[in-house]
Structures are given as C-alpha cells and as structure tokens.
Amino acid sequence: MAFTRATGKHRAPSRMARRGVGIAGAATLATTGVIGTLASPALAADTDNRSLEDTGLIKVITEDSLAERIDAQAAAQEQEAFEVAAKAKAKAEAKRKAEARAKEIREAEQRAAREAERRRLASFQLPVEGTYVSTGYQTGGSLWSSGSHSGIDFHASYGSSVVSVGSGTVVEAGWGGAYGNNIVIRMNDGTYTQYGHLSSIGVSVGQTVEPGERIGISGSTGNSTGPHLHFEARTTSEYGSDINPVSYLRARGVNV
C-alpha cells in the first residue's frame, strides 16, 4: 500500500512567523524583567539568531545617546553664554568704574584749576619787576605840593613795563597834572591804586585788568626829576585819600 507525505495543515511555522513571535516574547519578557531567565530554550535560541536591529534595542540606545549629546551640548552652550555674559558684565563694570574715576580726576583738576585761577586773580604783586622803593611814603620836601609824598616811588628805568598790582577796573587813564600820564584802578577788594609819570598808557577807562597785566610804560612825565614810577594806594579814586602803599602791598602778600 502506498503512503503519501503529509503536507498543508501540519507544515511547520514559517521563519517570519517565528520572528514575530520572538519579538513579541522578547518585548513581553523585557517588560517583566525576566528576559533571558524564563524564556524557553527554543525562544532564546531563536532570539540569539535575530539581529538587535530586529528587536528595536539599537534604535532605543541610539535615541537615548542622541538625547544625552543634545542635552550636554545645550548645557555647554548655556555655560558658554553665561561666561560670555559674565565677562561682558565685568568689562562693562570695569569701563564704568574707569569712566567714573576719569570723571573724578577731571573734575578734581578743574576744581584745582579754578582755585588756582581764583588765587591768581586775588593775588597782588609789585608794579615793576625787580624794583625797589627809591622814595618813601610821606617823605617831606618842596617837590610835593602838599609838602609830603602821597605815595612811594619805585625805581624804574625809562621804558620799563608797568603792570597792575592786582585785579580791577580802570577808572582813570590819561593826563593827571603833576602826575603826568597816570592810571587809576579800582581794585576788586574796593581799594584804588595809582600809577604816575608814565611815558605811555596801554589801557582805557572801563577795561578790566589782572595781576601782572601790563598797563603802561614808565617815564618821567608831569612833576618829575627823572624816570621812575609813582605808586599810590587809596581808599577812593580822589587825591588825598592815600594810605601807606608799603603796608597796603605787604598786607596782600607782596614783599616790598
């Protein structure tokens, strides 16, 4: 009797079917934490024969690694941005402090300059450089109509520069009779000074002058026996209000 080979319903499952079953089993066992310990020998062997790519594990690992790299990169960028911002802030603060310090120095220099200028304008000096008193105050004699000298004479050769002894405003500039060419200045402190026997006048009425500013040239005009500078200190602009010129200058720091 002839025998036929059994086919059809009793054929073994295909490889694709086994792979699907294996993947499902692996996923199930991985979820319960017992993969590789409770799997049947046949399933374990079949799983070993399949690639990791078929199980999806490489994809999970790759995605986790990429996420970690992205996080690390983001953290590094954030740190770098923080450091850049910190450096910019420190630089701006240093610049601000430097500018503030420069401003302080500049303002201090300006204050010092203003103070120096104020002192200069308030200072007094001799009317002729390198001079000395040749005739004293209230010296008697027939040379003076009042019988005594109303000022002092400073030695000054012809053509010497005559300067204002301090800051003030010119109230008289021209011929003064016995004084010859003369100048009267109202000083900023309210007193008056007079400069007589000039050969020429270099200022005009209403002009302001500073200490050491040239106002004329010495000479021998008017009632004079030779070139010199007649200098008076007064309480008013008028003749007869004279005060001791030496005491006047010394009280203002001038060595006479």
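Peer 1: So what exactly am I meant to see when it comes to the environment of Ser224 here?
Peer 2: Considering the arrangement of structural elements, one finds Ser224 in the loop between β8 (214–218) and β9 (229–234). Separated by 27 residues in sequence, Ser224 and His197 have C-alpha atoms that sit 7.0 Å apart.

Peer 1: Looking at this model, I keep getting lost on the nonpolar core. Mind explaining?
Peer 2: For soluble globular proteins, nonpolar side chains are generally found buried alongside one another. Counting 24 residues, the largest nonpolar core has Ile183, Ile185, Tyr195 and Ile215 as its most contacted members. For this core, the secondary structure elements donating two or more residues are β2 (152–154), β5 (181–187), β6 (192–201), β9 and α5 (245–250).

Peer 1: Looking at this structure, how should I read the packing of aromatic side chains?
Peer 2: Here a ring pair, both rings aromatic, is described through the centre-centre distance and the interplanar angle of the planes. Under the defined criterion, the tally for this structure stands at 3 aromatic pairs. Ring geometry for Phe124 versus Tyr248: centroids 6.0 Å apart, planes at 85°, classification edge-to-face. Taken together, the residues Phe124 in the loop between α4 (57–122) and β1 (133–135) and Tyr248 in helix α5 connect sequence positions 124 residues apart. When its relative accessible area of 15% is taken as the criterion, Phe124 is described as buried.

Peer 1: Please explain the environment of Ser220 as it appears in this structure.
Peer 2: Along the chain, the position of Ser220 falls in the loop between β8 and β9. The class for Ser220 is partly exposed, based on a relative accessible area of 29%. Taking C-alpha positions, Ser220 is 9.2 Å from Tyr179, a pair spaced 41 residues apart along the chain. Ignoring any residue separated from it by four or fewer positions in sequence, one finds Ser220 in contact with His197, Thr225, Gly226 and Pro227. A polar contact is formed between the side chain of Ser220 and the backbone oxygen of Gly226, at a distance of 3.2 Å.

Conventions and cut-offs
- Residues numbered from 1 in each chain as written.
- Predicted model: local features only at pLDDT ≥ 70, side-chain atom pairs only at ≥ 80, totals over all residues.
- Heavy atoms only, no water.
- Helix = DSSP H or I, 4+ residues; strand = E, 2+ residues; numbered from the N terminus.
- Core = buried A, V, L, I, M, F, W, Y, C linked by side-chain atoms within 4.5 Å.
- Buried < 20%, exposed > 50% of the residue type's maximum accessible area, 1.4 Å probe, protein only.
- Phe/Tyr/Trp six-rings, centres within 6.5 Å; stacked < 30°, edge-to-face > 60°.
- Contact = heavy atoms within 4.5 Å.
- Polar contact = N/O pair within 3.5 Å; in protein donor to acceptor, adjacent residues only side chain to side chain.

By themselves these figures say nothing about function.
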